[in-house]
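Secondary and tertiary structure notes
This is what each chain is made of:
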Amino acid sequence: MAVQTADTAAPAAPAAGSPSLLGHAFKDALITGLIALGLFGPLIGFETVIIDGALGLAYRPSLLAIMVGIVFVGRLLLNLTLWSPNRRPSTRTGPSVFDRIGTAVGPGVKPALLAFAVVFPFLSTFLLGGLNESRYLIDLGILILTYVMLGWGLNIVVGLAGLLDLGYVAFYAVGAYTYALLATSAPINDFFAGLFGATFWANWAFWICLPMAGVFAGVWGMILGFPVLRLRGDYLAIVTLAFGEIIRLVLINWVDFTNGGAGIASIPRATFFGIPFNAGPDGFAALFGLPFNPMHRIVFLYFVILALALLTAFVTVRLRRLPVGRAWEALREDEIACRSLGINTTTTKLSAFATGAMFGGFAGCFFAVRAGFVSPESFTFDVSAMILAIVVLGGMGSQIGVAVAAAVMMGGMEMLRNLGFLKQIFGNDFDPSLYRMLIFGFAMVAIMVWKPRGLVSTRDPTIFLKERKAVSGDLVKEGHG
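Residues numbered from 1 in each chain as written. Predicted model: local features only at pLDDT ≥ 70, side-chain atom pairs only at ≥ 80, totals over all residues. Heavy atoms only, no water.

1. Digging into the overall build of the protein chain
For the record, the criterion: Elements are defined by DSSP. Helices are runs of H or I of four residues or more, strands are runs of E of two residues or more, and each kind is numbered from the N terminus. To sort residues, take the accessible area from a 1.4 Å probe on protein chains only and compare it with the maximum for the residue type: under 20% means buried, over 50% means exposed, and anything in between is partly exposed. Contact criterion: two residues are considered in contact whenever any of their non-hydrogen atoms come within 4.5 Å of each other. Residue burial considers only the protein chains on display, and all accessible areas are found by Shrake-Rupley using a 1.4 Å probe.
Looking only at helices and strands, one finds 18 helices and four strands in the protein chain. Across the 481 residues of the protein chain, 44% fall into the buried class. Here the contacts in the protein chain between residues at least 6 apart in sequence split such that 70% fall between residues at least 24 apart. Here the protein chain has roughly 25400 Å² of accessible surface; of this, 69% comes from carbon and sulfur atoms.

This is the structure:
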């Protein structure tokens, strides 16, 4: 048997700052810079402009050089620091210091975030000096809460049951079109007009159709669940992606029923439980003795989506502690072991799809009443990808993580619209809004490199002995607890 002696020992890693290490790092950074040059060349190096009434190309070599230089320097620094062969790999297991801090302050963070969400419209109005001035921030809050609700709904399917769903936008569309079709139906309006008055259906359509939208979306969730009972992983993702595209194409091509690509307009607006938000004597402002302001409806919609999001969170937390929730988690960890324990995986999967789809239908109904118009262009794959990214970035299975990720992603994308200070660096011809998705993509990659298991990588166990302890994502499958 050969014995390795000191003379035949493996060579040690090059010391930091050695010529070989610097040469390797520089070579790798140079290759990366050349790849970036090939990618950014047609995207950033050229700009379409109008020259003498004709479309032409303008060259931007300085901007291209800056972008490639950023990639080159960043890669070089990574090779010399985080990716250096001299850097000792981390062998830590269990929660990190930040995880322990998060677990300690977690019970206080949740009530604080809830209180902030409740007072957000009033705080925005106070800081900006009026309701009309706070319109943008309140609309942004509605957008964030909508995606928080969608993220929590998809978290049931992906985070708890472990079923990768790339077609979640289909249930969002089912809920929106359910309300749009029922609320604008002339026969239904005439029926209720003969019973309760001409304005009954317009004033109560949203509240009547809201549970119906959730039920219809849940039924479609079960319809999706039956064909994919034996599928997992990539195959399941492909089928759910196809399902989402099928729904969108049906909405486009079934013109007689959905009005096709033109969409459905003039959808009745939400009322304060039958009281319309108008300037008439029977309106919300007159009833409560307030001066009429269209922002009253926007603020009310904010609290409606906040209530729907809180309902989603409450139901999810309660279901997770019930046998069906524990069956979801068992299915996620190991389907074979789940079957060996006598758990019916068919009903478990169908219940996960139906429950997640139901909340997607609720969110779709709210989207329709808020926008007043729906079309197939609002329900593309990009929406499904964004919702799934929120769940993964926040930490699959984590409620608070999904909420934080939705706020970061949706709020961050809106904040990136206001990058005027970059014109001082790249020139007055630089349009920062064109690069917000690029900057946002880099930020997402950086976060996932830093926190690969999501922003919240610890989970509270549903079952514990004597003392509840946070479970680290390093010790459980896929970071779930």
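2. Topic: the packing of helix α15 (residues 381-394) against helix α16 (residues 399-415)
Applied cut-off: Axis lines are fitted to C-alpha atoms, over the contacting stretch for helices. Their N-to-C directions set the angle, which ranges from 0 to 180 degrees. Should an angle fall under 35 degrees it is taken as roughly parallel, and over 145 as roughly antiparallel, whereas 65 to 115 is taken as roughly perpendicular and any remaining angle as oblique. Each crossing gets its handedness from the near helix: less than a right angle anticlockwise from the far helix is left-handed, clockwise is right-handed.
At a minimum axis separation of 7 Å, α15 and α16 run at an interaxial angle of 125 degrees. With respect to their mutual orientation, α15 and α16 come out oblique. Like other packed secondary-structure pairs, α15 and α16 cross with a definite hand, here right-handed. Contacts between α15 and α16 involve M386, A389, I390, V391, L393 and G394 from the first element and G401, V402, A405, A406, M409, M410 and M413 from the second.

3. What to know about the pattern of salt bridges
Heads up, the rule is: When a carboxyl oxygen of Asp or Glu is within 4 Å of a side-chain nitrogen of Lys or Arg, the pair counts as a salt bridge.
The full count for this structure, using the stated rule, is eight salt bridges. Across the salt bridge formed by E333 and R332, the nearest N and O atoms sit 2.9 Å from each other. Among the residues examined, E333 registers a relative accessible area of 27% and is labelled partly exposed. On the accessibility criterion, R332 (3% relative accessible area) is buried. A salt bridge links K349 to E335, with the shortest nitrogen-to-oxygen separation between them at 3.2 Å. Of this pair, K349 sits in helix α14 (residues 345-371) while E335 sits in helix α13 (residues 335-340), and the two are 14 residues apart along the sequence. The class for E335 is buried, based on a relative accessible area of 13%. If you follow the salt bridges from partner to partner, you end up with E335, R339 and K349 in one network.

4. Structural notes on the pairing of strand β2 (residues 54-59)
This is how the line gets drawn: Here the rule is simple: two strands pair whenever DSSP picks up at least two bridges between them.
Examined bridge by bridge, strand β1 (residues 46-51) and β2 share six bridges and lie antiparallel to one another. Following the sheet pairing, V49 is matched in β2 by G56. In this antiparallel pair of consecutive strands, β1 and β2, the connection spans two residues, and D52 shows a positive phi of 55 degrees.

5. As for a nonpolar patch on the surface
Where we set the bar: Only residues whose relative accessible area exceeds 30% and that take part in no salt bridge are eligible for patches, with like-charged residues grouped when within 9 Å of each other and nonpolar side chains (Val, Leu, Ile, Met, Phe, Trp, Tyr) grouped when within 5 Å.
A surface patch of nonpolar side chains, about 940 Å² in accessible area, is lined by L114, F116, V118, V119, F122, L123, F126, L127, L128 and L310. By residue number, the principal contributor to the nonpolar patch is helix α3 (residues 97-128), which donates nine residues. Mapped onto the fold, V118 is located in helix α3. Given a relative accessible area of 36%, V118 falls into the partly exposed group.

6. Quick notes on the state of the cysteines
Our working definition: To count as a disulfide, a pair of cysteine sulfur atoms needs to be within 2.5 Å.
Counted according to the given criterion, the structure contains zero disulfides. In this structure C365 is a free cysteine whose sulfur lies 6.4 Å from that of C209, the closest cysteine sulfur available. Using a relative accessible area of 0% as the deciding quantity, one classes C365 as buried.

7. Structural notes on helix α8 (residues 233-253)
This is how it is decided: Helix span is expected to be 1.5 Å times the residue number reduced by one. Arc definition: it is the arc formed by the directions from the helix axis to the C-beta atoms.
Compared with an ideal rise of 1.5 Å per residue, which puts 21 residues at 30 Å, α8 spans 31 Å between its outermost C-alpha atoms and is within 8% of the ideal. Within the span of α8, buried status applies to L236, A237, T240, F243, G244, I247, R248 and L251. Taken around the axis of α8, the buried residues stretch over an arc of 125 degrees, which confines them to a single face. Facing away from the buried side of α8 by over 90 degrees, the exposed positions are D234, Y235, I238 and N253. Those residues of α8 hidden inside the fold are in contact with α5 (169-183), α7 (200-225), α9 (255-258) and α14.

8. A word on the packing of aromatic side chains
Inclusion rule: Two rings from Phe, Tyr or Trp (for Trp, the six-membered ring) form a pair when their centres are within 6.5 Å of each other. A pair whose planes differ by under 30 degrees is stacked, one over 60 is edge-to-face, and the rest are tilted.
Throughout the structure, instances matching the rule amount to 33 aromatic pairs. Ring geometry for F192 and F196: centres 6.3 Å apart, planes at 25 degrees, overall stacked. Of the two residues, F192 and F196 both sit in helix α6 (residues 186-196), four residues apart, roughly one turn of that helix. Classification of F192 by relative accessible area gives buried; the value is 18%. Relative to F300, the ring of F272 lies with its centre 5.4 Å away and its plane at 65 degrees, an arrangement referred to as edge-to-face. Here F272 is found in the loop between α9 and α10 (284-287), whereas its partner F300 is found in helix α11 (residues 295-321), with 28 residues between them in sequence. Judged by relative accessible area, which is 24%, F272 ranks as partly exposed. Put simply, the rings of Y179, F206, W207, F272, F273, F277, F284, F288 and F300 pair up and form one aromatic cluster.

9. Details of the environment of E245
Within the secondary structure, E245 is located in helix α8. Taking the C-alpha atoms as reference points, E245 and F379, 134 residues apart in sequence, are found 9.2 Å from one another.

10. Focus on the nonpolar core
Going by this rule: As used here, the term nonpolar core means buried Ala, Val, Leu, Ile, Met, Phe, Trp, Tyr and Cys residues forming a set that is joined through side-chain atoms within 4.5 Å.
With 100 residues, the main nonpolar core has Y179 and V374 as its most contacted residues. Here the element with the most residues in this core is helix α4 (residues 135-160); it accounts for 15 residues. Leave out the neighbours within four places in its chain, and Y179 touches A205, F206, C209, I267, P268, C365, A368 and V369.

11. Notes on unusual backbone geometry
The backbone of N259 shows a phi angle near 70 degrees, a positive value even though the residue is not glycine. Locating N259 in the fold gives a position in the loop between α9 and α10. Here F273, not a glycine, exhibits a phi torsion of approximately 55 degrees, which is positive. Tracing the chain through its elements places F273 in the loop between α9 and α10. Classification of F273 by relative accessible area gives partly exposed; the value is 46%.

12. Describing the side chain of S398
The following threshold applies: Here a polar contact is taken to be a pair of N or O atoms separated by no more than 3.5 Å, where protein atoms must pair a possible hydrogen donor with a possible acceptor and residues adjacent in sequence count only if both atoms sit in side chains.
Its location among the elements puts S398 in the loop between α15 and α16. Separated by 3.0 Å, the side chain of S398 and the backbone nitrogen of G401 make a polar contact.

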